[in-house]
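Residues per chain, in single letters:
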Amino acid sequence: GESVGLHLPTLSVQEGDNSIINCAYSNSASDYFIWYKQESGKGPQFIIDIRSNMDKRQGQRVTVLLNKTVKHLSLQIAATQPGDSAVYFCAENSIFSGTYKYIFGTGTRLKVLA
Amino acid sequence: NAGVMQNPRHLVRRRGQEARLRCSPMKGHSHVYWYRQLPEEGLKFMVYLQKENIIDESGMPKERFSAEFPKEGPSILRIQQVVRGDSAAYFCASSPPSGTGPYNEQFFGPGTRLTVL
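Every chain's residues receive numbers from 1 upward, in the order its sequence appears when written. Here the convention is simple: chains get letters from A, ligands get numbers from 1, in the order in which they are written. At least 70 in pLDDT is required for a residue's local features to be given in this predicted model, at least 80 for side-chain atom pairs to be given and counted, and no such filter applies to totals for whole chains, interfaces and linings, which use all residues. Only hydrogens and water are removed before side-chain values are computed, so all heavy atoms of the structure are retained for them.

1. Quick look at the nonpolar core
Residues and elements named next belong to chain B.
Now for step 1: Each nonpolar core is a collection of buried residues, namely Ala, Val, Leu, Ile, Met, Phe, Trp, Tyr and Cys, held together in the definition by side-chain atoms within 4.5 Å. Only protein chains enter the accessibility calculation, which uses a 1.4 Å probe. A residue is then buried if its area is under 20% of the maximum for its type, exposed if over 50%, and partly exposed in between. Core analysis: the largest hydrophobic core is formed by 23 residues, its most contacted members being Trp 34, Met 46, Leu 77 and Tyr 90.
Now for step 2: Under the DSSP-based scheme used, a helix requires at least four consecutive residues in state H or I and a strand at least two consecutive residues in state E, with every element numbered from the N terminus. Those elements giving two or more residues to this core turn out to be β3 (19-24), β4 (31-37), β5 (43-50), β7 (65-68), β8 (75-79), β9 (88-95) and β11 (112-116).
Now for step 3: Non-local contacts of Met 46, meaning those with residues more than four positions away in its chain, are made with Trp 34, Tyr 35, Arg 36, Asp 56, Glu 57, Ser 58, Gly 59, Met 60, Pro 61, Phe 65, Leu 77 and Tyr 90. Residue contacts are counted whenever heavy atoms from the two residues lie within 4.5 Å of one another.

Have a look at this one:
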């Protein structure tokens, strides 16, 4: 679910299982979406992106799904590993006043259980 | 090819002092973005700059905050007369000159963690 308070929602997954992280975006006019992984004390690291003319894109162990009808984005991680433990953010690239900037979601903490 | 570099990584200031945060974009990148992140929250856009130009500063507080990206040297985010509420992680991202449309991937630096005492 989405976070409305000070604490990030947490998803706990057994090592080897698949993870699904969800994100609701805000602007129906957004046309580019990105998933970032952020480990403690580090900057966001690009995982995968998708353009609005697609509804699915696959990378190595990751898949992003886009549902424009309900403004929903998901990140699927196959065979989750301990190194996947981090906070995951979705970002939408929206044009406001003629310029492009990323609007980040609130994030989901993924904990991989051994 | 070095990534986006930020310094200092950690900065401690007392209330009323000035904070200067530096960002060197990736080689060949001419677009710089600054974001602020409070603990347990997502990144919030502050400002978008190109060389010698501020393109979008809609996320910048109206007072005490300023940013520049000179022709030579790093981009600077400057916070004057810091207050405790300015304590946060500040991230810089850069993108190449071809990234003027919506599909421009932004590469993030490691961030500067500002603590105001």
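2. Let's talk about the confidence of the model for chain A
Should pLDDT be low for a region, the predicted coordinates there are not to be read in detail.
Now for step 1: For every residue, the predictor assigns a confidence score, pLDDT, that lies between 0 and 100. Summarising the model, chain A shows a mean pLDDT of 88, and 88% of its residues fall at 70 or more.
Now for step 2: Confidence drops under pLDDT 50 across residues 1-6 of chain A; counting only partners more than four residues distant or on other chains, this segment forms seven contacts.

3. Overview of the pairing of strand β3 (residues 32-38) of chain A
For a regular strand, the rule is simple: side chains alternate between the two faces of the sheet.
Residue and element names in this part refer to chain A.
Now for step 1: β3 sits mainly inside the fold: seven of its seven residues count as buried.
Now for step 2: Alternating residues of β3 divide into Tyr 32, Ile 34, Tyr 36 and Gln 38 and Phe 33, Trp 35 and Lys 37, and every residue in both groups is buried.
Now for step 3: For two strands to be treated as a pair, DSSP must find no fewer than two bridges joining them. Relative to strand β4 (residues 45-51), β3 is paired through six bridges, and the arrangement is antiparallel. Along β4, the bridge assignment pairs Ile 34 with Asp 49.
Now for step 4: The turn linking β3 back onto β4 is made up of six residues, and Gly 41 within it adopts a positive phi angle of 80°.

4. Description of the state of the cysteines
Now for step 1: Disulfides are defined as pairs of cysteine sulfur atoms found within 2.5 Å of each other. Overall, the coordinates contain two disulfides over all chains when judged by the stated rule.
Now for step 2: The side chain of Cys 23 of chain A participates in a disulfide bridge whose partner is Cys 90 of chain A; the two sulfur atoms lie 1.6 Å from each other. Taken as a pair, Cys 23 of chain A in strand β2 (residues 19-24) and Cys 90 of chain A in strand β8 (residues 86-96) lie far apart in primary sequence, 67 residues in all.
Now for step 3: Two residues, Cys 23 of chain B and Cys 92 of chain B, share a disulfide whose sulfurs are 1.8 Å apart. What sets the handedness of the Cys 23 of chain B and Cys 92 of chain B disulfide is the S-S torsion sign, and at about -50° it is left-handed. Pair noted here: Cys 23 of chain B is in strand β3 and Cys 92 of chain B is in strand β9, with a separation of 69 residues, a long-range link.

5. Side note on the sheet that holds β2 of chain A
Residues and elements named next belong to chain A.
Now for step 1: Spatially, β2-β7-β6-β5 is the arrangement adopted by the four strands of the open sheet, whose pairing is antiparallel. The sheet terminates laterally at β2 and β5 (56-58), the two strands that pair on one side only. Averaged over all neighbouring strand pairs, the angle between strand axes comes to 15°, with direction disregarded.
Now for step 2: Relative to strand β6 (residues 62-67), β5 runs antiparallel, the two being bridged by three bridges. Bridging across to β6, Arg 57 finds its partner in Val 64. Helix axes are fitted only over the stretch in contact, all axes being lines through C-alpha atoms; the angle between N-to-C directions runs from 0 to 180 degrees.

6. Focus: the pattern of salt bridges
Now for step 1: Any carboxyl oxygen of Asp or Glu within 4 Å of a side-chain nitrogen of Lys or Arg constitutes a salt bridge here. Counting across every chain of the model gives seven salt bridges over all chains.
Now for step 2: In this structure, the salt-bridge partner of Lys 42 of chain A is Glu 39 of chain A, at a minimum N-O distance of 3.8 Å.
Now for step 3: On the basis of relative accessible area, Lys 42 of chain A is assigned to the partly exposed category, the value being 45%.
Now for step 4: Ionic pairing is found between Asp 86 of chain B and Arg 64 of chain B, a salt bridge with its closest N-O pair at 2.7 Å.

7. Observations concerning the interface of chain B and chain A
Now for step 1: Listed per partner, the contact involves 25 residues of chain B and 23 residues of chain A.
Now for step 2: In this description, buried area is defined as the sum, over both parts, of the accessible area (probe of 1.4 Å) that is lost when the two are combined. Taken over both partners, the interface formed by chain B and chain A buries close to 2100 Å², and the fraction arising from carbon and sulfur atoms is 52%.
Now for step 3: Between chain B and chain A we count one salt bridge in total.
Now for step 4: Linking Glu 40 of chain B and Arg 109 of chain A is a salt bridge whose minimum nitrogen-to-oxygen distance equals 2.6 Å.
Now for step 5: Distance and chemistry together define a polar contact, namely a pair of N or O atoms within 3.5 Å, with one atom able to donate a hydrogen and the other to accept it when in protein, and with adjacent residues in sequence counting only for side-chain atoms on both sides. Inspection of the chain B/chain A interface yields eight residue pairs in polar contact (both at pLDDT 80 or more).
Now for step 6: For the side of chain B that touches chain A, the secondary structure elements donating two or more residues are β4, β5 and β6 (53-56) of chain B.
Now for step 7: Here the residues of the side of chain B that touches chain A are counted per class, giving eleven nonpolar, eight polar and six charged. Here the term charged refers only to Asp, Glu, Lys and Arg, the term nonpolar to Ala, Val, Leu, Ile, Met, Phe, Trp, Tyr, Cys and Pro, and the term polar to all other amino acids, Gly among them.

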